[in-house]
Amino acid sequence: MSLDTLDMLADWTDGADALMEETVALRRAIHAEPEIGLHCPMTTAKIKAALAGLPLEFREGPSTTGLIAILRGSSGGNGRTVLLRGDMDALPLQEETGLPFASTIAGRMHACGHDSHTAMLVGAAKALCAKADSLPGTVVFMFQPGEEGYHGARHMLDDGLLADPAPDAAFALHISPNMPMGAVVTRNGPLLASAETVHARIIGRGGHAAMPHENIDPTPIACEIVLALQTFIARRIAVHDPAVLSITSIKAGTGAHNIIPDAVELLGTLRTLSEDTRAAMHAAFHRIVNGIAEAHGASAEAWIDKGYPVTQNDPRAVEMFRRATVAMDGPAAWQPMRAPMMGGEDFAFVLKEIPGAMAFIGAAPEGTDPATNPPLHNTHMTIDERIMAKGIALHCALATAYLEQGFD
């Protein structure tokens, strides 16, 4: 990061502080009316209203209500384009925070901080628009729905919304109530795991439970498959490139104590930290399910709903996060993550196409213990809204630093 950019950090911090009243108001308005999935029209409308009158070009696609806003700097220009992303969808949870701006829609809640992500990105757009004359390149603001399992980023990419101008680098922030207020936490390489759903159906031959020899009981076969999958991970997957496979549902039977069912259904989740291990686990899942079923005279169906890839951080982008964080708040604010998390994130689709990084930013409410706070995806999850000022300033610092010198 250049000295000129470091000199601007105070301006970004002051500018973010000045925007806090309207940033908090926007976050609370979004929080009160959460939307789920790929279509979040109320949220998109709030974003457009907040950005009205700014020198931005807007683009939308047919697959989602996601919004792209493009800011073209007018200070010469070096051809660089940087992307900043904020997700905007909520979760199917009944909020129990007791906040005065709590969700007004039953069964929906912003329990993953996407309301704050959107508000911070709007704040960054306003701050950067105010400095448009000094920007040497282009900033693309990506307001993305459908992060919570709906592949919103992939849909926006497939719609061509990031094709012109094509970003050269991409950054995203994610709040965490379980990290100290203001801490910036990330790592080189894999940050979050690939995430997909595995299914199997073991088909035997049902009958009277008192005469199992006359039937093909799929239940012990299913149990053997579950154990074999865990053994495969323990003995065939390297500990330094791990996989997690959790079978979370086993369904069989009619409820009667004396009837062997015809079939058993398995459902679970698969997480990996590399494409090689991901491919190995896909092959093993099919081989083990079908092989064990066949060995017992049964048949099986196995399939995988392919989900998010590994969220892979570029070390150059992580270094830019580090330098900006240290310059803003000192070395203590920078906290490298020792190991990846096995959760998934669809910003991974963007990072497969564009070098960049995601970082967590601590948002533990004042006076609370980050270790025991209600976590993300919890009906009691809350944040300290003051963190949004730092998020705005960090977005701006990353964008301007990249535009000025790239990953040099």
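This text follows the structure it describes.
These remarks concern the structure in this document.

Thresholds, definitions, all that
Here the residue numbers are simple positions, counted from 1 along each chain's written sequence. Per-residue local features of the predicted model are confined to residues with pLDDT of at least 70, and side-chain atom pairs are confined, for both listing and counting, to 80 or more; whole-chain, interface and lining totals are unaffected and use all residues. The side-chain numbers reported here are obtained from all heavy atoms of the structure, hydrogens and water having been left aside. Per the convention used, a helix needs a DSSP run of H or I reaching at least four residues, while a strand needs a run of E reaching at least two, with both numbered from the N terminus. The size measure is the radius of gyration over C-alpha atoms, and the globule rule it meets is 2.2 Å times the number of residues to the 0.38 power. Between buried and exposed lies partly exposed: a residue is buried under 20% and exposed over 50% of the maximum accessible area for its type, with that area taken using a 1.4 Å probe on protein chains only. We call two residues in contact when some of their heavy atoms are within 4.5 Å. In this description, accessible areas are obtained by the Shrake-Rupley approach with a 1.4 Å probe, and a residue is regarded as covered only by the protein chains that are shown. For the purpose of counting charges, residues Lys and Arg are taken to be positive, whereas Asp and Glu are taken to be negative. His and the chain ends are not included. The atoms used to mark charge sites are NZ of Lys, CZ of Arg, CG of Asp and CD of Glu. What makes a salt bridge here is a side-chain nitrogen of Lys or Arg within 4 Å of a carboxyl oxygen of Asp or Glu, nothing more. DSSP calls a pair of strands paired once it identifies at least 2 bridges connecting them. In this analysis, axes come from line fits to C-alpha atoms, helices being fitted only over the stretch in contact, and the angle between any two N-to-C directions falls in the range 0 to 180 degrees. Throughout, a disulfide means two cysteine sulfur atoms within 2.5 Å of one another. Geometric relationships in this document are graded by angle, where less than 35 degrees denotes roughly parallel, more than 145 denotes roughly antiparallel, 65 to 115 denotes roughly perpendicular, and other angles denote oblique. Should the near helix be turned counterclockwise from the far one by less than a right angle, the crossing is left-handed, whereas a clockwise turn marks it as right-handed. Under this grouping Gly is polar, as are all residues other than the nonpolar Ala, Val, Leu, Ile, Met, Phe, Trp, Tyr, Cys and Pro and the charged Asp, Glu, Lys and Arg.

What follows concerns the overall build of the chain. Secondary structure summary: the chain contains 10 helices and 15 strands in total. Here the C-alpha atoms of the chain give a radius of gyration of 24 Å, agreeing with the 22 Å that 2.2 N^0.38 yields for 408 residues. With respect to the three principal axes, the spread of C-alpha positions in the chain is 80 × 45 × 45 Å. Looking at the chain residue by residue over its 408 residues, the buried ones come to 55%. Contacts in the chain between residues far apart in sequence, at least 24 positions, make up 82% of those at least 6 positions apart. For the chain, the accessible surface area stands at approximately 16,600 Å², while carbon and sulfur atoms represent 53% of it. Separation between the mean location of the 29 positive side-chain charges and that of the 47 negative ones in the chain comes to 3 Å.

Applying the stated rule across the entire model yields 19 salt bridges. Between Glu385 and Arg28 there is a salt bridge, and its shortest N-O distance comes to 2.7 Å. Pair noted here: Glu385 is in the loop between strand 15 (356-362) and helix 10 (387-405) and Arg28 is in helix 2 (residues 20-32), with a separation of 357 residues, a long-range link. Relative accessible area serves as the criterion here: at 34%, Arg28 is assigned to the partly exposed category. Between Arg154 and Asp158 there is a salt bridge, with the nearest N and O atoms lying 3.5 Å from each other. You can see Arg154 and its partner Asp158 sitting in helix 5 (residues 152-158), 4 residues apart, about one turn around the helix.

Taken in spatial order, the 7 strands line up as 1-2-4-3-5-15-6 in an open sheet, and their pairing is mixed. The open sheet has two edge strands with one neighbour each: strand 1 (57-59) and strand 6 (184-185). Here 7 bridges tie strand 5 (residues 169-176) to strand 15, and the two strands are oriented parallel to one another. Paired with Ala172 across the strands is Met358, a residue of strand 15. Of the strands in this sheet, strand 2 (67-72), strand 3 (81-87), strand 4 (138-144) and strand 5 are in contact with helix 4 (residues 114-130), which crosses strand 4 at around 160 degrees. Of the strands in this sheet, strand 5, strand 6 and strand 15 touch helix 8 (residues 315-329), which is tilted by about 35 degrees from strand 15.

Let us now look at unusual backbone geometry. Each neighbour pair has its own omega, and for Asp164 with Pro165 the value is 0 degrees, a cis peptide bond. Mapped onto the fold, Pro165 is located in the loop between helix 5 and strand 5. Phi at His151 takes a positive value of approximately 65 degrees, unusual for a residue other than glycine. Relative to the elements of secondary structure, His151 occurs in the loop between strand 4 and helix 5. Residue His151 is classed as buried on the basis of its relative accessible area of 13%.

On to the sheet that holds strand 10 (residues 243-252). Across the sheet, 4 strands lie side by side as 10-12-8-13; this open sheet has antiparallel pairing. Each edge of the open sheet is held by one strand with a lone partner, namely strand 10 and strand 13 (299-308). For this sheet, the mean inter-axis angle between neighbouring strands, taken without regard to orientation, is 15 degrees. The pairing of strand 8 (residues 194-203) with strand 13 spans 8 bridges and is classified as antiparallel. Looking at strand 13, one finds that His199 is bridged to Trp303. In the packing of helix 6 (residues 218-236) onto the sheet, contacts are made with strand 8, strand 10 and strand 12 (263-272), and the angle to strand 10 comes to roughly 175 degrees.

A few words now on the state of the cysteines. In the structure shown here, the tally under the stated rule is 0 disulfides. Sulfur of Cys112: no disulfide; nearest cysteine sulfur belongs to Cys40 and is 13 Å away. Unpaired in terms of disulfides, Cys129 finds its nearest cysteine sulfur in Cys396, a separation of 9.8 Å.

Glancing now at the pairing of strand 8. With 7 of its 10 residues buried, strand 8 lies for the most part within the structure. Bridge count for strand 8 against strand 12 is 10 bridges, and the pairing is antiparallel. Bridging across to strand 12, Ala195 finds its partner in Arg271.

With respect to the helices and strands, Lys46 occurs in helix 3 (residues 41-51). The exposure class of Lys46 is buried, given its relative accessible area of 17%. For Lys46, the contacting residues outside a window of four places in its chain are Leu26, Ala29, Ile30 and Glu33.

Following both chains from N to C, one finds helix 3 and helix 4 inclined at 20 degrees, their axes separated by 10 Å at the closest point. When the axis of helix 3 is compared with that of helix 4, the two are roughly parallel. Relative to helix 4, the crossing made by helix 3 is right-handed. Within the contact between the two elements, helix 3 uses Ile47, Ala50 and Leu51 and helix 4 uses Thr118, Val122, Ala125 and Lys126. Partitioned by chemical class, the residues of the contact of helix 3 with helix 4 number 5 nonpolar, 1 polar and 1 charged.

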